[in-house]
Amino acid sequence: MKESDLLNIAQTFGSPTYVYDANKITSQYERLTKAFKNVPKLKLHYAVKALSNLSILKLMKSLGAGLDTVSIQEVQLGLAAGFDVHEIMYTPNGVSLEEIEQAAELGVKINIDNLSILEQFGSKHPTIPVCIRINPHVMAGGNHNISVGHIDSKFGISIHQIPHVLRIVELTNMNINGIHMHTGSDILDIDVFLYASEILFKAATNFKNLDFIDFGSGFKVPYKKDDIQTNVEELGEKLTTRFNQFCQEYGKDLSLIFEPGKFLVSESGYFLAEVNVVKQTTSTVFAGIDSGFNHFIRPMLYSSYHHIENISNPEGRERYYSVVGYICETDTFGNNRRISEIREGDILKFNNAGAYCFSMASNYNSRYRPAEVLWYNEEAHLVRKRETFDDIVKNQVEIDI
Ligand SMILES: *Cc1c(COP(=O)(O)O)cnc(C)c1O
(Lines give C-alpha, C1' and ligand atoms only; values in the text may rest on other atoms or scores of the structure.)
Protein backbone atom coordinates (compact mmCIF):
# COMPACT_ATOMS: atom_id res chain seq x y z
CA MET A 1 0.00 0.00 0.00
CA LYS A 2 1.07 3.56 -0.64
CA GLU A 3 1.65 6.45 1.72
CA SER A 4 -1.31 8.28 0.18
CA ASP A 5 -3.52 5.32 1.14
CA LEU A 6 -2.36 5.71 4.74
CA LEU A 7 -3.06 9.44 4.69
CA ASN A 8 -6.53 8.77 3.32
CA ILE A 9 -7.15 6.25 6.08
CA ALA A 10 -6.13 8.78 8.74
CA GLN A 11 -8.47 11.27 7.16
CA THR A 12 -11.40 8.86 6.86
CA PHE A 13 -11.11 6.98 10.14
CA GLY A 14 -9.41 9.54 12.34
CA SER A 15 -6.42 9.15 14.58
CA PRO A 16 -4.84 7.29 16.20
CA THR A 17 -5.49 4.25 14.03
CA TYR A 18 -3.79 0.93 13.41
CA VAL A 19 -3.59 -0.19 9.78
CA TYR A 20 -2.68 -3.70 8.61
CA ASP A 21 -1.70 -4.58 5.06
CA ALA A 22 -3.13 -8.00 4.13
CA ASN A 23 -0.73 -8.23 1.18
CA LYS A 24 2.25 -8.19 3.53
CA ILE A 25 0.72 -10.84 5.79
CA THR A 26 0.08 -13.01 2.75
CA SER A 27 3.61 -12.62 1.38
CA GLN A 28 5.16 -13.45 4.77
CA TYR A 29 2.95 -16.54 5.03
CA GLU A 30 4.01 -17.62 1.56
CA ARG A 31 7.67 -16.94 2.26
CA LEU A 32 7.65 -19.23 5.29
CA THR A 33 5.68 -22.03 3.62
CA LYS A 34 7.99 -21.86 0.62
CA ALA A 35 11.06 -22.13 2.84
CA PHE A 36 9.67 -25.41 4.19
CA LYS A 37 8.08 -26.69 0.98
CA ASN A 38 9.96 -30.00 1.22
CA VAL A 39 8.39 -30.94 4.53
CA PRO A 40 5.48 -33.24 3.58
CA LYS A 41 3.30 -32.10 6.49
CA LEU A 42 3.92 -28.48 7.40
CA LYS A 43 1.47 -26.49 9.49
CA LEU A 44 1.73 -22.85 10.51
CA HIS A 45 -0.19 -21.99 13.64
CA TYR A 46 -0.58 -18.23 13.82
CA ALA A 47 0.06 -16.97 17.38
CA VAL A 48 -3.21 -15.16 18.09
CA LYS A 49 -1.82 -13.03 20.90
CA ALA A 50 0.25 -10.98 18.46
CA LEU A 51 -2.86 -9.48 16.84
CA SER A 52 -6.22 -11.00 17.55
CA ASN A 53 -8.71 -9.08 15.42
CA LEU A 54 -11.31 -11.48 13.97
CA SER A 55 -10.70 -10.26 10.43
CA ILE A 56 -6.99 -10.98 10.80
CA LEU A 57 -7.86 -14.48 12.02
CA LYS A 58 -10.16 -14.98 9.03
CA LEU A 59 -7.36 -13.86 6.73
CA MET A 60 -5.05 -16.42 8.37
CA LYS A 61 -7.67 -19.10 7.85
CA SER A 62 -7.98 -18.20 4.18
CA LEU A 63 -4.21 -18.65 3.86
CA GLY A 64 -4.42 -22.15 5.37
CA ALA A 65 -3.05 -21.42 8.84
CA GLY A 66 -4.08 -22.98 12.13
CA LEU A 67 -3.91 -21.08 15.41
CA ASP A 68 -1.76 -21.06 18.51
CA THR A 69 -3.71 -19.79 21.50
CA VAL A 70 -2.70 -19.03 25.07
CA SER A 71 -6.07 -18.40 26.72
CA ILE A 72 -9.56 -19.84 26.49
CA GLN A 73 -10.73 -16.49 25.11
CA GLU A 74 -8.27 -16.78 22.23
CA VAL A 75 -9.64 -20.28 21.57
CA GLN A 76 -13.13 -18.77 21.46
CA LEU A 77 -11.97 -16.03 19.09
CA GLY A 78 -10.54 -18.72 16.81
CA LEU A 79 -13.84 -20.59 16.81
CA ALA A 80 -15.71 -17.33 16.17
CA ALA A 81 -13.43 -16.72 13.16
CA GLY A 82 -14.48 -20.08 11.74
CA PHE A 83 -11.54 -22.32 12.63
CA ASP A 84 -12.14 -25.99 13.23
CA VAL A 85 -11.14 -27.17 16.72
CA HIS A 86 -8.52 -29.47 15.20
CA GLU A 87 -6.71 -26.46 13.76
CA ILE A 88 -6.32 -24.81 17.15
CA MET A 89 -3.55 -25.51 19.61
CA TYR A 90 -3.89 -24.30 23.18
CA THR A 91 -0.55 -23.53 24.85
CA PRO A 92 -1.25 -22.07 28.27
CA ASN A 93 1.27 -21.18 30.93
CA GLY A 94 0.29 -20.89 34.57
CA VAL A 95 -3.38 -21.48 33.71
CA SER A 96 -5.80 -23.42 35.93
CA LEU A 97 -6.63 -27.07 35.34
CA GLU A 98 -10.27 -26.01 34.92
CA GLU A 99 -9.48 -23.77 31.99
CA ILE A 100 -7.37 -26.47 30.35
CA GLU A 101 -10.27 -28.91 30.79
CA GLN A 102 -12.60 -26.37 29.19
CA ALA A 103 -10.33 -26.16 26.15
CA ALA A 104 -10.03 -29.96 26.01
CA GLU A 105 -13.80 -30.25 26.13
CA LEU A 106 -14.06 -27.99 23.10
CA GLY A 107 -11.70 -30.41 21.35
CA VAL A 108 -8.66 -28.24 20.67
CA LYS A 109 -5.12 -29.61 20.86
CA ILE A 110 -3.71 -29.30 24.36
CA ASN A 111 -0.13 -28.41 25.15
CA ILE A 112 0.95 -28.78 28.78
CA ASP A 113 4.02 -27.13 30.19
CA ASN A 114 4.35 -28.31 33.77
CA LEU A 115 4.53 -31.63 35.59
CA SER A 116 1.85 -30.89 38.17
CA ILE A 117 -0.88 -30.15 35.63
CA LEU A 118 0.34 -32.97 33.38
CA GLU A 119 -0.17 -35.45 36.19
CA GLN A 120 -3.56 -34.04 37.22
CA PHE A 121 -4.81 -33.84 33.65
CA GLY A 122 -3.50 -37.30 32.76
CA SER A 123 -5.07 -38.89 35.83
CA LYS A 124 -8.49 -37.39 35.09
CA HIS A 125 -8.46 -37.62 31.29
CA PRO A 126 -6.13 -40.42 30.21
CA THR A 127 -7.83 -40.73 26.81
CA ILE A 128 -7.24 -37.13 25.72
CA PRO A 129 -3.88 -36.86 23.95
CA VAL A 130 -1.63 -33.99 24.97
CA CYS A 131 1.47 -32.34 23.67
CA ILE A 132 4.22 -31.43 26.10
CA ARG A 133 6.15 -28.21 26.04
CA ILE A 134 9.84 -28.79 26.61
CA ASN A 135 12.32 -26.19 27.72
CA PRO A 136 15.61 -27.08 26.05
CA HIS A 137 17.42 -24.33 27.99
CA VAL A 138 18.86 -22.72 24.93
CA MET A 139 18.99 -18.94 24.76
CA ALA A 140 17.89 -17.68 21.41
CA GLY A 141 18.57 -14.02 22.10
CA GLY A 142 16.37 -10.97 22.34
CA ASN A 143 15.35 -8.88 25.31
CA HIS A 144 15.43 -10.85 28.60
CA ASN A 145 11.68 -10.43 29.04
CA ILE A 146 10.92 -12.12 25.73
CA SER A 147 13.53 -14.88 25.98
CA VAL A 148 11.79 -17.88 27.41
CA GLY A 149 14.37 -20.65 27.02
CA HIS A 150 16.80 -19.79 29.79
CA ILE A 151 17.29 -22.02 32.83
CA ASP A 152 15.19 -19.94 35.23
CA SER A 153 12.40 -19.35 32.72
CA LYS A 154 8.86 -20.18 33.85
CA PHE A 155 8.06 -21.78 30.48
CA GLY A 156 8.07 -25.43 29.60
CA ILE A 157 9.10 -28.64 31.30
CA SER A 158 12.85 -28.75 31.70
CA ILE A 159 14.57 -31.16 29.38
CA HIS A 160 16.19 -32.57 32.53
CA GLN A 161 12.75 -33.61 33.79
CA ILE A 162 11.93 -35.98 30.92
CA PRO A 163 12.25 -38.97 33.29
CA HIS A 164 9.47 -37.43 35.43
CA VAL A 165 7.30 -36.98 32.34
CA LEU A 166 7.81 -40.62 31.40
CA ARG A 167 6.86 -41.72 34.89
CA ILE A 168 3.62 -39.70 34.73
CA VAL A 169 2.81 -41.08 31.28
CA GLU A 170 3.33 -44.63 32.48
CA LEU A 171 1.37 -44.07 35.67
CA THR A 172 -1.64 -42.43 34.02
CA ASN A 173 -1.52 -44.29 30.71
CA MET A 174 -1.98 -41.00 28.88
CA ASN A 175 -0.98 -40.45 25.31
CA ILE A 176 1.61 -37.86 24.24
CA ASN A 177 0.86 -36.83 20.65
CA GLY A 178 3.34 -34.02 20.20
CA ILE A 179 6.30 -32.23 21.62
CA HIS A 180 6.86 -28.54 21.53
CA MET A 181 9.37 -25.85 22.26
CA HIS A 182 9.24 -22.09 21.98
CA THR A 183 12.62 -20.77 22.89
CA GLY A 184 12.19 -17.06 22.79
CA SER A 185 11.62 -14.27 20.46
CA ASP A 186 14.66 -13.61 18.32
CA ILE A 187 16.27 -16.42 16.35
CA LEU A 188 19.41 -14.76 15.07
CA ASP A 189 21.75 -17.69 14.95
CA ILE A 190 20.31 -20.59 13.00
CA ASP A 191 22.82 -23.00 14.46
CA VAL A 192 21.57 -22.19 17.95
CA PHE A 193 18.04 -22.99 16.81
CA LEU A 194 19.18 -26.23 15.19
CA TYR A 195 21.01 -27.14 18.38
CA ALA A 196 17.79 -26.68 20.37
CA SER A 197 15.99 -28.77 17.75
CA GLU A 198 18.42 -31.63 18.30
CA ILE A 199 17.49 -31.59 21.98
CA LEU A 200 13.84 -31.79 20.97
CA PHE A 201 14.47 -34.68 18.54
CA LYS A 202 16.27 -36.58 21.25
CA ALA A 203 13.38 -36.01 23.65
CA ALA A 204 10.94 -37.11 20.95
CA THR A 205 12.43 -40.59 20.75
CA ASN A 206 10.98 -41.26 24.21
CA PHE A 207 7.42 -41.08 22.89
CA LYS A 208 6.04 -43.67 20.50
CA ASN A 209 2.76 -42.10 19.37
CA LEU A 210 3.74 -38.64 18.23
CA ASP A 211 1.81 -36.93 15.45
CA PHE A 212 3.78 -33.70 15.37
CA ILE A 213 6.77 -31.74 16.55
CA ASP A 214 6.15 -28.07 17.18
CA PHE A 215 9.18 -25.78 16.98
CA GLY A 216 7.36 -22.71 18.27
CA SER A 217 8.45 -19.40 16.91
CA GLY A 218 10.95 -16.63 17.43
CA PHE A 219 11.48 -15.50 13.87
CA LYS A 220 13.10 -12.12 14.00
CA VAL A 221 11.84 -9.45 11.64
CA PRO A 222 13.70 -6.29 10.64
CA TYR A 223 12.79 -3.01 12.36
CA LYS A 224 15.36 -0.85 10.58
CA LYS A 225 16.97 -0.86 7.20
CA ASP A 226 19.78 -3.45 7.17
CA ASP A 227 18.57 -4.94 10.46
CA ILE A 228 19.47 -8.56 10.99
CA GLN A 229 16.56 -10.94 10.58
CA THR A 230 16.04 -14.67 10.70
CA ASN A 231 17.14 -16.23 7.45
CA VAL A 232 14.07 -18.46 7.10
CA GLU A 233 15.27 -19.85 3.78
CA GLU A 234 18.49 -21.15 5.32
CA LEU A 235 16.60 -22.43 8.35
CA GLY A 236 14.11 -24.10 6.01
CA GLU A 237 16.81 -25.90 4.10
CA LYS A 238 18.72 -27.12 7.13
CA LEU A 239 15.81 -28.02 9.38
CA THR A 240 13.89 -29.75 6.55
CA THR A 241 16.78 -32.12 5.88
CA ARG A 242 17.15 -32.93 9.54
CA PHE A 243 13.41 -33.20 10.17
CA ASN A 244 12.80 -35.54 7.25
CA GLN A 245 15.71 -37.68 8.37
CA PHE A 246 14.27 -37.80 11.89
CA CYS A 247 10.86 -38.86 10.57
CA GLN A 248 12.46 -41.69 8.67
CA GLU A 249 14.23 -42.90 11.81
CA TYR A 250 11.04 -42.48 13.81
CA GLY A 251 9.10 -44.43 11.19
CA LYS A 252 6.32 -41.90 10.57
CA ASP A 253 5.71 -38.69 8.65
CA LEU A 254 5.20 -36.30 11.54
CA SER A 255 3.76 -32.83 11.07
CA LEU A 256 6.17 -29.98 11.52
CA ILE A 257 4.49 -27.04 13.21
CA PHE A 258 5.62 -23.46 13.64
CA GLU A 259 3.78 -20.77 15.59
CA PRO A 260 4.77 -17.46 14.08
CA GLY A 261 3.20 -14.29 15.42
CA LYS A 262 5.56 -11.41 14.78
CA PHE A 263 6.87 -12.88 11.53
CA LEU A 264 3.41 -12.86 9.98
CA VAL A 265 2.02 -9.56 11.20
CA SER A 266 4.71 -7.22 12.57
CA GLU A 267 5.71 -5.56 9.31
CA SER A 268 2.15 -5.50 8.00
CA GLY A 269 1.17 -2.96 10.63
CA TYR A 270 1.34 0.82 10.72
CA PHE A 271 0.32 3.02 13.57
CA LEU A 272 -0.95 6.45 12.53
CA ALA A 273 -1.08 9.31 15.00
CA GLU A 274 -1.53 13.04 14.69
CA VAL A 275 0.90 15.59 16.11
CA ASN A 276 -0.83 17.70 18.74
CA VAL A 277 2.05 19.95 19.63
CA VAL A 278 5.61 20.73 18.62
CA LYS A 279 7.48 21.83 21.70
CA GLN A 280 10.91 23.38 21.50
CA THR A 281 12.91 23.29 24.74
CA THR A 282 16.46 24.50 25.22
CA SER A 283 17.83 21.07 24.32
CA THR A 284 15.21 19.13 22.40
CA VAL A 285 12.36 19.46 19.98
CA PHE A 286 9.47 17.31 21.11
CA ALA A 287 6.66 16.17 18.86
CA GLY A 288 3.71 15.29 21.08
CA ILE A 289 1.16 12.96 19.46
CA ASP A 290 -2.46 12.13 20.19
CA SER A 291 -1.54 8.75 21.66
CA GLY A 292 0.79 7.17 24.19
CA PHE A 293 1.90 3.91 25.75
CA ASN A 294 -1.73 3.17 26.50
CA HIS A 295 -2.07 2.42 22.76
CA PHE A 296 1.43 1.35 21.88
CA ILE A 297 3.55 0.12 24.77
CA ARG A 298 6.42 -1.71 23.08
CA PRO A 299 8.93 1.16 23.04
CA MET A 300 8.44 1.72 26.78
CA LEU A 301 8.11 -1.96 27.72
CA TYR A 302 10.83 -3.57 25.62
CA SER A 303 12.76 -0.55 24.37
CA SER A 304 11.75 -1.73 20.93
CA TYR A 305 12.62 0.46 17.96
CA HIS A 306 9.81 1.55 15.66
CA HIS A 307 10.74 3.61 12.64
CA ILE A 308 8.82 6.91 12.50
CA GLU A 309 8.04 8.95 9.39
CA ASN A 310 6.09 12.12 8.81
CA ILE A 311 3.79 11.13 5.96
CA SER A 312 2.17 14.57 5.84
CA ASN A 313 5.47 16.22 4.87
CA PRO A 314 7.71 13.54 3.36
CA GLU A 315 9.76 16.06 1.39
CA GLY A 316 10.33 18.38 4.34
CA ARG A 317 13.79 19.23 5.63
CA GLU A 318 14.94 16.61 8.14
CA ARG A 319 15.39 17.63 11.75
CA TYR A 320 15.90 15.80 15.04
CA TYR A 321 12.84 15.11 17.17
CA SER A 322 11.88 13.23 20.28
CA VAL A 323 8.45 11.78 19.64
CA VAL A 324 6.43 11.52 22.83
CA GLY A 325 2.92 10.59 23.90
CA TYR A 326 0.26 12.39 25.91
CA ILE A 327 0.29 10.07 28.93
CA CYS A 328 1.12 11.69 32.26
CA GLU A 329 4.26 9.61 32.69
CA THR A 330 7.41 9.33 30.65
CA ASP A 331 6.07 8.14 27.38
CA THR A 332 8.69 8.15 24.64
CA PHE A 333 8.26 6.59 21.21
CA GLY A 334 11.66 7.61 19.92
CA ASN A 335 14.52 9.87 20.96
CA ASN A 336 16.51 12.07 18.60
CA ARG A 337 14.97 10.71 15.44
CA ARG A 338 15.67 12.29 12.08
CA ILE A 339 12.24 13.04 10.68
CA SER A 340 11.18 15.40 7.92
CA GLU A 341 9.95 18.67 9.42
CA ILE A 342 6.98 18.14 11.70
CA ARG A 343 4.14 20.65 11.91
CA GLU A 344 1.22 20.50 14.30
CA GLY A 345 -1.54 18.46 12.65
CA ASP A 346 0.83 16.24 10.67
CA ILE A 347 0.30 12.48 10.62
CA LEU A 348 3.19 10.32 11.82
CA LYS A 349 3.52 6.72 10.72
CA PHE A 350 5.12 4.12 12.99
CA ASN A 351 6.35 0.90 11.37
CA ASN A 352 6.26 -2.69 12.66
CA ALA A 353 2.99 -1.95 14.42
CA GLY A 354 1.24 -5.23 13.62
CA ALA A 355 2.44 -7.51 16.42
CA TYR A 356 1.92 -6.89 20.14
CA CYS A 357 0.69 -3.37 19.58
CA PHE A 358 -3.08 -3.15 19.51
CA SER A 359 -3.27 -6.44 21.43
CA MET A 360 -1.46 -4.77 24.34
CA ALA A 361 -3.44 -1.52 24.22
CA SER A 362 -5.28 -0.32 27.32
CA ASN A 363 -7.58 2.46 28.47
CA TYR A 364 -4.96 4.05 30.74
CA ASN A 365 -5.71 7.75 31.28
CA SER A 366 -9.31 6.77 30.40
CA ARG A 367 -8.57 7.09 26.69
CA TYR A 368 -10.35 5.16 23.98
CA ARG A 369 -8.47 2.35 22.29
CA PRO A 370 -7.74 3.10 18.62
CA ALA A 371 -9.60 1.99 15.52
CA GLU A 372 -8.17 -0.81 13.36
CA VAL A 373 -8.24 -0.86 9.58
CA LEU A 374 -7.37 -3.76 7.29
CA TRP A 375 -6.09 -3.00 3.80
CA TYR A 376 -7.55 -5.93 1.88
CA ASN A 377 -8.22 -6.28 -1.85
CA GLU A 378 -6.70 -2.82 -2.37
CA GLU A 379 -9.32 -1.20 -0.16
CA ALA A 380 -9.45 0.06 3.41
CA HIS A 381 -11.88 -1.82 5.68
CA LEU A 382 -12.66 -0.73 9.20
CA VAL A 383 -12.23 -3.88 11.33
CA ARG A 384 -12.58 -2.31 14.76
CA LYS A 385 -14.34 0.89 15.67
CA ARG A 386 -12.66 3.40 17.90
CA GLU A 387 -14.03 3.10 21.41
CA THR A 388 -16.46 5.59 22.86
CA PHE A 389 -17.21 6.85 26.35
CA ASP A 390 -19.67 3.95 26.78
CA ASP A 391 -16.78 1.51 26.56
CA ILE A 392 -15.03 3.29 29.41
CA VAL A 393 -17.97 3.07 31.80
CA LYS A 394 -19.96 0.04 30.61
CA ASN A 395 -18.68 -2.42 33.25
CA GLN A 396 -18.53 0.01 36.11
CA VAL A 397 -21.10 -0.31 38.84
CA GLU A 398 -21.97 2.95 40.51
CA ILE A 399 -23.02 2.82 44.13
CA ASP A 400 -24.86 5.46 46.09
CA ILE A 401 -22.38 7.69 47.84
C1 LIG B 1 4.03 -15.70 21.76
C2 LIG B 1 4.17 -17.07 21.31
C3 LIG B 1 4.46 -17.35 19.96
C4 LIG B 1 4.72 -16.26 18.93
O5 LIG B 1 5.96 -15.65 19.07
P6 LIG B 1 6.46 -14.57 18.00
O7 LIG B 1 7.77 -14.12 18.50
O8 LIG B 1 5.46 -13.48 17.94
O9 LIG B 1 6.54 -15.25 16.69
C10 LIG B 1 4.52 -18.66 19.59
N11 LIG B 1 4.30 -19.67 20.47
C12 LIG B 1 4.02 -19.44 21.76
C13 LIG B 1 3.78 -20.58 22.68
C14 LIG B 1 3.96 -18.14 22.23
O15 LIG B 1 3.69 -17.92 23.53
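Source: prediction; values computed, not measured. Along each chain, residue indices are assigned from 1 in the same order as the chain's sequence is written. Only residues with pLDDT of at least 70 get local features here, since the model is predicted, and only at 80 or more are side-chain atom pairs given and counted; chain-wide, interface and lining totals rely on the full set of residues.

So, helix H8 (residues 190-204)
No. 1: Strands here are runs of E lasting at least two residues and helices are runs of H or I lasting at least four, both read from the DSSP assignment and numbered beginning at the N terminus. To estimate how far a helix should extend, the number of its residues minus one is multiplied by 1.5 Å. An ideal rise of 1.5 Å per residue puts 21 Å on 15 residues; H8 measures up with 21 Å between its terminal C-alpha atoms.
No. 2: Whether a residue is buried, exposed or partly exposed is read from the other C-beta atoms within 10 Å of its own C-beta, which are placed from the backbone; 20 or more gives buried, 12 or fewer gives exposed, and intermediate counts give partly exposed. The set of residues buried in H8 consists of Phe193, Ala196, Ser197 and Leu200. Within H8, the buried residues cover an arc of 105 degrees as seen down the axis, which keeps them to one side.
No. 3: Any two residues are considered in contact once their C-beta atoms, placed from the backbone, lie within 7 Å. Here the buried face of H8 lies against strand E6 (130-135), strand E8 (176-180), strand E9 (212-214) and helix H9 (232-250). Arc definition: directions from the helix axis to the C-beta atoms.

Observations concerning the site of the ligand
No. 1: Note on definitions: a residue is near a molecule or strand provided its C-beta atom, placed from the backbone, lies within 6 Å of it. The local shell around the ligand holds 18 residues, among which Ala47, Ser217, Glu259, Gly261 and Lys262 are the closest.
No. 2: Taken together, the residues that form the shell around the ligand break down as seven nonpolar, seven polar and four charged. Note on residue categories: nonpolar means Ala, Val, Leu, Ile, Met, Phe, Trp, Tyr, Cys or Pro, charged means Asp, Glu, Lys or Arg, and polar means any other residue, Gly included.

What about helix H7 (residues 162-172)?
Every α-helix carries 3.6 residues per turn, so stepping three or four residues along brings you back to the same face.
No. 1: Turning to H7, its buried residues number three or more, namely Val165, Ile168 and Val169. In an axial view of H7, the angular spread of the buried residues amounts to 100 degrees, which keeps them on one side of the axis. Turned more than 90 degrees away from the buried face of H7, the exposed residues are Pro163, Glu170 and Leu171.
No. 2: Contacts made by the buried residues of H7 are with helix H6 (115-124), E6, strand E7 (157-158) and E8.

Observations regarding the UniProt feature "binding site: substrate" (unreviewed entry) in the protein
No. 1: UniProt positions are given in the numbering used here, feature names are shortened, and annotations may be inferred rather than shown by experiment. Summarizing the sequence annotation, UniProt attributes the feature "binding site: substrate" (unreviewed entry) to Arg298, Tyr302, Glu329 and Tyr356 in the numbering used throughout.
No. 2: Here Glu329 shows up in the loop between strand E14 (318-324) and strand E15 (332-340).
No. 3: As for its placement among the helices and strands, Tyr356 is situated in the loop between strand E16 (347-350) and strand E17 (371-376).

Section: the environment of Val75
No. 1: Summarising the element assignment, Val75 is placed in helix H4 (residues 72-80).
No. 2: Between the C-alpha atom of Val75 and that of Tyr90, which follows or precedes it by 15 residues, the distance is 7.2 Å.
No. 3: Not counting the four nearest positions on each side in its chain, Val75 is found in contact with Thr69, Ile88, Tyr90, Ala103, Leu106 and Val108.

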